[in-house]
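# Analysis of the macromolecular model
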Amino acid sequence: MAEQHVETDEDFRSRARIIAEALPFMLRYDDETIVVKYGGHAMGSPALAKAFAEDVTLLKLAGLNPVVVHGGGPQIAAMLDRLGIKSEFQGGLRVTDKATVEIVEMVLAGSINKEIVAAINAAGGRAVGLSGKDGRMVTATRVSRTIVDPDSNIEKVVDLGFVGEPTTVRREVLDIMAKSEIIPVIAPVAPGADGETYNINADTFAGAIAGALNARRLLFLTDVPGVLDKNKQLIKELSVAEARRLIEDGTVSGGMIPKVETCIEAIERGVEGVVILDGKVPHAVLLELFTERGAGTLITP
Ligand SMILES: Nc1ncnc2c1ncn2[C@@H]1O[C@H](COP(=O)(O)OP(=O)(O)O)[C@@H](O)[C@H]1O
Ligand SMILES: CC(=O)N[C@@H](CCC(=O)OP(=O)(O)O)C(=O)O
């Protein structure tokens, strides 16, 4: 028979201490907007998803204003694969043709968005799923990427198809939700002025939302402990200038590029406290916000 853990009086009292330790942080962030970007790679097991949903629910009940922006890159890749649609990335962005953008919207604004909404609601919160299309929240413009051709070593502009970046963000719907018990969960797709649907990198999207809402904190939950140096060691603090250097020298690559670029832009827009952290640590959001010991990489001006 399994041995039962008997709680001592000391264990019992230490629980109260742990709860009380959160008080100064609750006061610090009272009424403040916290944008949490939940990356596709951070969506691991059902237990992790439950812990994430509990954290977000607890933030709202504690008087903060959490806004969730989610990704789903691996989940889009799996669906495209099942449908036999090839997909490639340029500079961390998915080249998105007409067929691909339909799948992107279906996976992001459909299944993933509703899974997160359901998880938060199961934890006792009141989540509402949205995309950039709802309430005309976000308008996108088409982007392209300049890359260096490995054969000729010459720079060339690559058309990425229906890939956009947010140009305008209307706060209206999010402001209404902030005053209510509702927790917005937003998928990163938005219409362009041409009426087409655009696929927006979730990091870039989260940065635009955080900037428009004057968020106090922007947290990126991913699948690595933070930004790693050339020796794969965690960099705990990174200035904007150092972050730019790491992109230029290739230390930061792939999906970490839009994340770090967004951190830089968010800081330049006045967002205080931008952190990249490991979403595979259960309750990463609570540990980051409600304890003195920060996790991950903090980007500073
Ligand atoms: N310097 C770096 N430090 C940490 N991760 C890096 C770095 N350069 C590239 N990466 C890659 O970036 C990935 C995180 O970005 P991404 O795959 O887009 O995650 P998410 O789905 O969470 O947005 C990591 O898993 C890692 O493979
Ligand atoms: C243009 C572009 O690359 N869009 C991303 C949107 C999803 C995303 O960013 O998801 P993660 O945060 O999980 O990486 C994509 O198609 O994969």
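Conventions adopted
Position numbers for residues start from 1 in each chain and track the written sequence from start to end. In the order they appear in the text, chains get letters beginning with A and ligands get numbers beginning with 1. In view of the model being predicted, local features appear only for residues whose pLDDT reaches at least 70, and side-chain atom pairs are presented and counted only at 80 or more, with totals across whole chains, interfaces and linings using the full set of residues. Heavy atoms from the whole structure form the basis of all side-chain values; hydrogens and water molecules are not counted. UniProt positions are given in the numbering used here, feature names are shortened, and annotations may be inferred rather than shown by experiment. Strand pairing is defined by DSSP finding a minimum of two bridges between the two strands. Numbering of helices and strands starts at the N terminus; helices are DSSP runs of H or I of at least 4 residues and strands are runs of E of at least 2. Only the contacting stretch of a helix is used when fitting its axis, a line to C-alpha atoms as for every element, and angles between N-to-C directions run 0 to 180 degrees. In what follows, residue pairs with any heavy atoms lying within 4.5 Å of each other are defined as contacts. Note on aromatic pairs: the rings of Phe, Tyr and Trp (six-membered ring only in Trp) are paired at centre separations within 6.5 Å, and the planes decide the class, stacked below 30 degrees, edge-to-face beyond 60, tilted for the rest. Here the term buried applies to any residue with accessible area under 20% of the maximum for its type, exposed to any over 50%, and partly exposed to those in between, with areas from a 1.4 Å probe on protein chains only. Geometrically, a lysine NZ or arginine CZ counts as sitting over a ring once it is within 6 Å of the ring centre and also within 35 degrees of the ring normal. For this description, a residue counts as near a given molecule or strand if any of its non-hydrogen atoms is within 4 Å of it. For the purposes of these results, a polar contact is taken to be a pair of N or O atoms within 3.5 Å, where, inside protein, one atom must be able to donate a hydrogen and its partner to accept one; residues adjacent in sequence count only when each atom of the pair is a side-chain atom. All accessible-area figures derive from a Shrake-Rupley calculation using a 1.4 Å probe, and residue coverage is judged against the displayed protein chains alone. Under the scheme applied here, ten amino acids are nonpolar (Ala, Val, Leu, Ile, Met, Phe, Trp, Tyr, Cys and Pro), four are charged (Asp, Glu, Lys and Arg), and all others, including Gly, are polar.

As named in an unreviewed UniProt entry, the protein chain is Acetylglutamate kinase, taken from Segnochrobactrum spirostomi. The UniProt entry for the protein chain carries this comment under Catalytic activity (unreviewed entry): "N-acetyl-L-glutamate + ATP = N-acetyl-L-glutamyl 5-phosphate + ADP". Comment text from UniProt for the protein chain, heading Function (unreviewed entry), reads "Catalyzes the ATP-dependent phosphorylation of N-acetyl-L-glutamate."

## What to know about the sheet that holds strand E1 (residues 33-38)
Taken in spatial order, the eight strands line up as E5-E8-E2-E1-E11-E13-E14-E12 in an open sheet, and their pairing is mixed. Two strands in the sheet have a free side with no partner beyond their single neighbour: strand E5 (126-131) and strand E12 (237-239). Here the average twist between neighbouring strands, direction ignored, is 20°. The pairing of E12 with strand E14 (residues 297-300) spans three bridges and is classified as parallel. Paired with Ser239 across the bridge in E14 is Thr300. The strands touched by helix H8 (residues 240-248) within the sheet are E12 and E14, with E12 carrying the most contacts at an inclination of about 90°.

## Focus: the UniProt feature "domain: Aspartate/glutamate/uridylate kinase" (unreviewed entry) in the protein chain
Under the UniProt annotation, the feature "domain: Aspartate/glutamate/uridylate kinase" (unreviewed entry) is placed at residues 33-277. Secondary structure content for residues 33-277 is 37% helix and 30% strand, while the C-alpha to C-alpha distance between its ends is 18 Å.

## Some details on the packing of aromatic side chains
In the structure shown here, the tally under the stated rule is two aromatic pairs. When the centroid spacing of 3.7 Å and the interplanar angle of 5° are considered together, the rings of Tyr38 and Phe52 count as stacked. Placement of the pair is Tyr38 in strand E1 and Phe52 in helix H3 (residues 46-61), with a sequence separation of 14 residues. Side by side, Tyr38 and Phe52 carry an identical accessibility label, which is buried. Looking at Lys98, its charged tip hangs above the ring of Phe162, at a distance of 5.2 Å from the centre. Positioned above the aromatic ring of Phe162 is the side chain of Arg142, whose terminal nitrogen or guanidinium carbon lies 5.2 Å from the ring centre.

## Structural notes on the site of ligand 1
The environment of ligand 1 is formed by 17 residues, the closest being Thr222, Asp223, Leu228, Thr251 and Lys259. Within the side chain of Lys37, an N or O atom sits 2.9 Å from an oxygen atom of ligand 1. Note that a nitrogen atom of ligand 1 is positioned 2.9 Å from one of the backbone N or O atoms of Leu228. Contact with the protein chains hides 78% of the accessible area of ligand 1, taken as 580 Å² for the molecule alone. Mapped by element, the contributors of at least two residues to the shell around ligand 1 are strand E11 (217-222) and helix H9 (256-268). A class-by-class count of the residues in the shell around ligand 1 yields six nonpolar, eight polar and three charged.

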